[in-house]
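Spelled out from the first residue to the last, the chains are:
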Amino acid sequence: GPMPPEVGETTSYRVYWNVSNSLHALSGIKMSTTIPQDVTWLDNTDTDIGTVSYSATTRLVTWTISKLPVEVGHAGAWFDVAINPDDADVGRFVKLVNTTSFEAKDTVTSESLSESMSELTTELPDDVFATGEGTVLP
C-alpha cells in the first residue's frame, strides 16, 4: 500500500523481532504484544526457531522458543499487519502494535530475564526507508 499511509487505502507492515544471545543458553523465551482493534492481522509469519502464534480473541501475538542454545547466538521472527486509516487518522502516526514484552530464563544462573519495548507506530524511527513517511495523508 501507499507510504505514507492514506485514508481509505490499505498499507501492510512487517514487524520484526530479534533475540541475540552470547552468554548462556536461554529457555522459556517468549515475546508478545497485542495489536490494536483497528489493525488487521494478516496471518503471514516466519521464524528461525520456535513458533509465532496469534489469538483473534485477545489479539495477542506471541513468539515462543523452548530453548535457545548459546551456539545459535541470534534468532528472528516476523509477522505482517495492515492498516486502513480513516479521516480521524489524518496528520497522525497509526499504532501498529502495543508494548512488546520479552521474558526468558538463563539456564546456567536460573535468573529470569525480562525487557519491554515501546509501542510501534507508522513513524518507524529505525527504518531509514520510512523516514518521514509515517503520517497519514487525506
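See above for the structure.
Treat the numbers as computed from the prediction; the structure is a model and nothing was measured.

Criteria and cut-off values
- Residues numbered from 1 in each chain as written.
- Predicted model: local features only at pLDDT ≥ 70, side-chain atom pairs only at ≥ 80, totals over all residues.
- Heavy atoms only, no water.
- Pairing = 2+ DSSP bridges.
- Helix = DSSP H or I, 4+ residues; strand = E, 2+ residues; numbered from the N terminus.
- Axes fitted to C-alpha atoms, helices over the stretch in contact; angles between N-to-C directions.

Taken in spatial order, the five strands of this open sheet run S4-S5-S2-S8-S9, and their pairing is antiparallel. Unpaired on one side and paired on the other, strand S4 (51-55) and strand S9 (112-117) mark the two borders of the sheet. Between one strand and the next, the sheet's axes are offset by a mean angle of 15°, whatever the strand orientation. The pairing of strand S2 (residues 26-34) with strand S8 (residues 100-106) spans five bridges and is classified as antiparallel. Bridge pairing in S8 places serine 27 opposite lysine 105.

Hydrogen bonds between backbone atoms are what pair the strands of a sheet, whose relative direction is either parallel or antiparallel. Pairing within the open sheet is antiparallel, and its three strands lie in the order S1-S6-S3. Looking along the sheet, the strands with just one partner apiece sit at the ends: strand S1 (11-20) and strand S3 (39-47). Sheet twist, expressed as the average angle between the axes of neighbouring strands with direction ignored, equals 20°. With 10 bridges connecting them, S1 and strand S6 (residues 74-83) associate as antiparallel partners. When the sheet's bridge partners are listed, tryptophan 17 is paired in S6 with alanine 77.

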